[in-house]
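# An overview of the molecular structure
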Amino acid sequence: MASQGIDNFRLTVLNPGGRDPEQQFHSVPAPGEGAHPPINFHAFAACTLGAFHFNPRRALAEDTPILLLLRGDFHASERALHDLKKQGRIVVVSLKETGMHQIAQQLRDRAKLSRFMKIVAEADGCIATTPEAAEIYQRLRSKRDPATVAFIPTPYPIEDEHWNSSASAAEQSGIFVGTREWDVPSRNHFAALLMARQLCEATGEPVTVFNLDGSKGRRLLDKLRFPQGKLRLIEKWKSYPDYLHDVAQHKIVLQLDRSHVPGQVVGDALLCRVACVGGDGAIERIAFPKTCGDGRTIVEIASMALDLLKNSELRAATVSDSQERALERLSFQAVRSQLADFFARLNE
C-alpha cells in the first residue's frame, strides 16, 4: 500500500460482521442517494471518497488504510485486526459506540475488557470521535507514541449545498428535543422535557419530541401536561432527508445530554442551520461553545434557550458562528485533511 497525500487520500472503514450496508463513495451522495447517508462512521469513508465494508476480504481489496470498528464482543474485530496486519496494512481502531455510558457498558465484562486492551495495544493507532475516548486510548497506549492517538470528530458535509437542509426563518417555530431515551440516565431526557415544557409555557412555542415507545411513551408524556396542542410527537422512523426537514422547522434544538457522545443530533442541526443548546457532545462543544451544556447549570441553559427563542438576531448569529466553526473543524474537507495528516504520521 503506497502512502497517500491529502488530495488523493482514501480510507476504508471496516465494521466486521456488522449490519450497516457496505458502500463505495465515488462521490458524496446527495440526500436520499446511496444505501446509508454519509454520517457517523460512514462519513469518514465518504469524506475521503473511500469505502465502508463489513467483510474484511473486501476491505483488504481496497488497498487503502483501514479504520477498524470495535463492536459486539470484539471477537470479529480481533480476527480482522490479525488478518489485516498479516497483510501489512496500516490499521487504526475505534470503538463504534463511544459515549461514556456506552464505553462503560461494553467494558464491564472481563473477557471483553481483556480483548479490547489487546486490540488497542496491537493496532497502529486509535481514532477517537470524542476527547474522552481519546484519553482512554492514550492511557492504554501510554508506552507508545502519543501521536498514534487522535481525536477526530465525525464530519458532516457542511460545504455541500445539496446537504443544506435549512428552512426560512418564517417557517421555523418551536423546540426540537434532541434526546429520546428515558432509560439512559446520562441523557437526562426527563429533565429536558421539563425544561421544554417551561419554555413552551413562557413563550407559546410548540415542542417536538420523539416517541418510539408507543402507548407507554405517550402515557409518560401525558403526565407532563404540556399546554393543549403544543406537543407534537414523532412516532415512527423517517428517512434521513425527511428527518432533517423536520429538524429544520424549529428555532432551536434542546437537550441536556451528559453522555459525552460524538453528537449526531447536533451534526444534523448543523445541516439544518438550527441553533443548538444544552448538550455536551463533541460536535456541540466545537460548533456551539457559547450555548452547549458543558460546564453550565440547568438554570443557565434554560436562560440561553429562552433568549434564543425570543431573539431572532441572536439565533441567526449563533447559527452563523456555528457554520464558521463547522467549516473549519467538522466539514468533509476539514476532516479529510485531519485523517490524511494522522495516517501520514503513522507512516513516518
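This is a predicted model, so every value here is computed, not measured.

Cut-offs used in this document
- Every chain begins its residue count from 1, and numbering advances along the sequence as written.
- Per-residue local features are limited, in this predicted model, to residues with pLDDT of at least 70; the limit for side-chain atom pairs, both in listing and counting, is 80 or more; totals at the level of whole chains, interfaces and linings are taken over all residues.
- Excluded from the side-chain calculation are hydrogens and water; included are all heavy atoms of the structure.
- Between rings of Phe, Tyr and Trp, where Trp is taken as its six-membered ring, a pair exists when centres lie within 6.5 Å; planes separated by under 30 degrees are stacked, by over 60 edge-to-face, and by other angles tilted.
- Numbering goes from the N terminus for both helices and strands, where a helix is a DSSP run of H or I of at least four residues and a strand is a run of E of at least two.
- Note on classification: 1.4 Å probe, protein chains only; a residue is buried when its accessible area is under 20% of the maximum for its type, exposed when over 50%, partly exposed between these limits.
- The patches reported here contain residues having more than 30% relative accessible area and no salt bridge. Joining distances are 9 Å for like charges and 5 Å for nonpolar side chains (Val, Leu, Ile, Met, Phe, Trp, Tyr).
- Note on areas: Shrake-Rupley with a 1.4 Å probe; residue coverage comes only from the protein chains shown.
- Basic side-chain nitrogens of Lys or Arg form a salt bridge, by our definition, when they fall within 4 Å of a carboxyl oxygen of Asp or Glu.
- Two strands make a pair as long as DSSP finds a minimum of two bridges between them.
- Note on geometry: axes are C-alpha line fits, over the in-contact stretch for helices, and angles between N-to-C directions span 0 to 180 degrees.
- Residues are treated as being in contact if the distance between any of their heavy atoms lies within 4.5 Å.
- By convention a crossover is right-handed if, when the strands point away from the viewer, the path from the first strand over the helix to the second runs clockwise.
- Definitions used throughout: a 1 Å grid over protein atoms alone; a cavity as a set of points that fits a 1.4 Å probe which cannot get out; a pocket as an open set with protein on both sides within 12 Å along at least five of seven lines; a lining residue as one with an atom within 4 Å of a point.
- Grid points are joined across faces, edges and corners, and a volume is the space filled by probe spheres set on the points.
- Counting of polar contacts relies on pairs of N or O atoms within 3.5 Å, with two restrictions inside protein: one atom must be capable of donating a hydrogen and the other of accepting it, and residues adjacent in sequence are counted only when both atoms are side-chain atoms.

### Looking at the packing of aromatic side chains
Applying the stated rule across the entire model yields 10 aromatic pairs. For the ring pair phenylalanine 116 and tyrosine 137, a centre distance of 6.4 Å and an interplane angle of 40 degrees mean the geometry is tilted. With phenylalanine 116 in helix H5 (residues 110-122) and tyrosine 137 in helix H6 (residues 131-140), the pair connects residues that are 21 residues apart, well separated along the chain. Note on phenylalanine 116: relative accessible area 1%, which makes it buried.

### Here we look at a nonpolar patch on the surface
Taken together, Leu113, Met117 and Leu140 make up a surface patch of nonpolar side chains, about 220 Å² in accessible area. Examined against the element boundaries, leucine 113 turns out to sit in helix H5.

### Points about the sheet that holds strand E12 (residues 275-277)
Across a sheet, paired strands are connected by hydrogen bonds in the backbone, their directions being either parallel or antiparallel. An order of E10-E9-E8-E11-E12 is seen for the five strands of this open sheet, with the pairing classed as parallel. Taken across any chain shown, the strands that pair with only one partner, and hence form the sheet edges, are strand E10 (231-234) and E12. The sheet shows a mean angle of 25 degrees between the axes of neighbouring strands, taken without regard to direction.

### Overview of H6
For H6, every residue scored as buried is listed here: Glu132, Ala133, Ala134 and Tyr137. At its buried positions, H6 is contacted by strand E5 (91-95), helix H4 (100-106), H5, strand E6 (125-128), strand E7 (149-151) and helix H11 (282-287).

### Some thoughts on the sheet that holds strand E3 (residues 51-53)
Here seven strands make up an open sheet; going across it, the order is E2-E3-E1-E4-E5-E6-E7 and the pairing mixed. Two strands bound the open sheet, and with one partner strand each, they are strand E2 (23-24) and E7. Here E5 pairs with E6 via two bridges, running parallel. Residue pairing in the sheet places valine 92 in a bridge with glycine 125 of E6. Along the sheet, helix H3 (residues 75-86) makes contact with strand E1 (12-14), strand E4 (66-70) and E5, crossing E4 at roughly 160 degrees.

### Digging into the pairing of E10
When strand E9 (residues 207-210) meets E10, the two strands line up parallel, connected through four bridges. Its bridge partner lying in E10, phenylalanine 210 is registered against isoleucine 234. Following the backbone out of E9, through helix H8 (residues 214-223) and into the adjacent parallel E10, one traces a crossover that is right-handed.

### Here we look at the layout of surface pockets
Size it by volume and the largest pocket reaches roughly 1,200 Å³. In terms of lining residues, the largest pocket is bounded by 40 residues, among which Asn40, Glu97, Arg180, Arg187 and Gln264 are the most central. Listing elements by their share of the lining of the largest pocket, those giving two or more residues are helix H1 (40-47), helix H9 (240-248) and helix H10 (264-272). No other element matches the four residues that H10 contributes to the lining of the largest pocket.

### Examining the environment of arginine 315
Tracing the chain through its elements places arginine 315 in helix H13 (residues 312-329). By relative accessible area, which is 10% here, arginine 315 ends up buried. In sequence terms arginine 315 and alanine 169 are 146 residues apart; their C-alpha atoms lie 9.8 Å from each other. Here arginine 315 is in contact with Lys251, Ile252, Leu308, Leu309 and Lys310, once residues within four sequence places are set aside. Only 2.8 Å separates the side chain of arginine 315 from the backbone oxygen of leucine 308, close enough to count as a polar contact.

### Things to note about H9
Within H9 the residues assigned to the buried category are Tyr240, Tyr243, Leu244, Asp246, Val247 and Ala248. Buried residues belonging to H9 abut strand E8 (175-177), E9, E10, strand E11 (252-254) and H10.

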